[in-house]
Amino acid sequence: MGTPFRAPQTADAYTEVMVPVYSPLDVLAVRAQGATVWDAAGKEYIDLSGGIAVNALGHCHPALIEALTAQAHRLWHISNTYKSDSTLRLARALIRLTFAERVFFANSGAEANEAAFKLARRYGLHQSPRKYEIVAAHNSFHGRSLFTVSVGGQPKYSNGFGPAIEGIRHVPFNDLGALEHAVSQNTCAVVLEPVQGKAVCFRPRGNTSRAPVPCATATMRCSSSMKCRRG
Ligand SMILES: Cc1ncc(COP(=O)(O)O)c(C=O)c1O
């Protein structure tokens, strides 16, 4: 048997095989350390985006490598058919460090937000058959699932998939008067990003966590993760 054919690893080959949903830089990263990334030709880059601000932990930190290696040797991925001790430890740590009483783990921001919107609707519908409206800001971003792009209010992400999800109202970001006007007895949730990351980083004028939610009874206030692309 001859040597197996290994197709060249290039940025162009990447573009050929990937569905063109994103438009990444024309750099094929092969190695990284700290904030530095290298391509196959050894050219050096500074990574200012991390995991789009989520896991901004740098690359290959020895403590992370040690923790991941130890876990890989102990217990690999296990389905949610089981209760796992590592999941329990992480859940307890999150509860200790935040306001939460319970934890829901998801694989992405989209799933986390989708779950929050579903929870808000389920809770609202327990109170009234019309209490399912979600109020969000134009130009926001809450993920790429159909529900989250509908809440996001950016036509470039939500158009072209047939009927949108109903019961979502959008107001201009930073317009507290419009927000107040949009919220009614039928609102089950208000969702705002602390900073609009995918609308070229709009900062709020005030404190969004203090945005008025006037419809008194049980409207959830959801805050989507703050992710500002590119440093
Ligand atoms: C504010 C905000 N919410 C949610 C998401 C979706 O997260 P994910 O890409 O992990 O689904 C993003 C992604 O960029 C985001 O910026």
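Residues numbered from 1 in each chain as written. Predicted model: local features only at pLDDT ≥ 70, side-chain atom pairs only at ≥ 80, totals over all residues.

Considering helix 3 (residues 85-97)
Part 1 of the argument: In this model helix 3 runs 18 Å from its N-terminal to its C-terminal C-alpha over 13 residues, within 8% of the 18 Å that 1.5 Å per residue would give.
Part 2 of the argument: Judged by how many residues are buried, helix 3 sits mostly at the surface: zero of 13 residues are covered. (Helix = DSSP H or I, 4+ residues; strand = E, 2+ residues; numbered from the N terminus. Expected span 1.5 Å × (residues − 1). Buried ≥ 20, exposed ≤ 12 C-beta atoms within 10 Å, placed from the backbone.)

Examining the nonpolar core
Part 1 of the argument: Core analysis: the biggest nonpolar cluster contains 20 residues, and F117, I134, V135, A136, V151, A189 and V191 have the highest contact counts within it.
Part 2 of the argument: Looking at this core, the elements with two or more residues in it are helix 4 (109-127), strand 4 (133-137), helix 5 (146-152), strand 5 (168-171) and strand 6 (187-192).
Part 3 of the argument: If one sorts the elements of this core by residue count, strand 6 sits on top with five residues. (Core = buried A, V, L, I, M, F, W, Y, C linked by C-beta atoms within 7 Å.)

Structural notes on unusual backbone geometry
Part 1 of the argument: The backbone phi angle of N139 is positive, close to 60°, even though this residue is not glycine.
Part 2 of the argument: Topologically, N139 is positioned in the loop between strand 4 and helix 5.
Part 3 of the argument: Judged by the 18 C-beta atoms lying within 10 Å of it, N139 falls in the partly exposed class.
Part 4 of the argument: If you check the backbone angles, N174 has positive phi at about 75° while not being a glycine.
Part 5 of the argument: Along the polypeptide, N174 turns up in the loop between strand 5 and helix 7 (176-182).
Part 6 of the argument: With 17 C-beta atoms packed within 10 Å, N174 lands in the partly exposed category.

So, the sheet that holds strand 3 (residues 44-46)
Part 1 of the argument: Spatially, 1-2-3 is the arrangement adopted by the three strands of the open sheet, whose pairing is antiparallel. Each edge of the open sheet is held by one strand with a lone partner, namely strand 1 (29-33) and strand 3. Neighbour to neighbour, the strand axes of the sheet diverge by 30° on average, direction disregarded.
Part 2 of the argument: Taken together, the three bridges between strand 2 (residues 36-39) and strand 3 define a ladder with antiparallel strand orientation. Its bridge partner being in strand 3, T36 is matched across the sheet by I46. (Pairing = 2+ DSSP bridges. Axes fitted to C-alpha atoms, helices over the stretch in contact; angles between N-to-C directions.)

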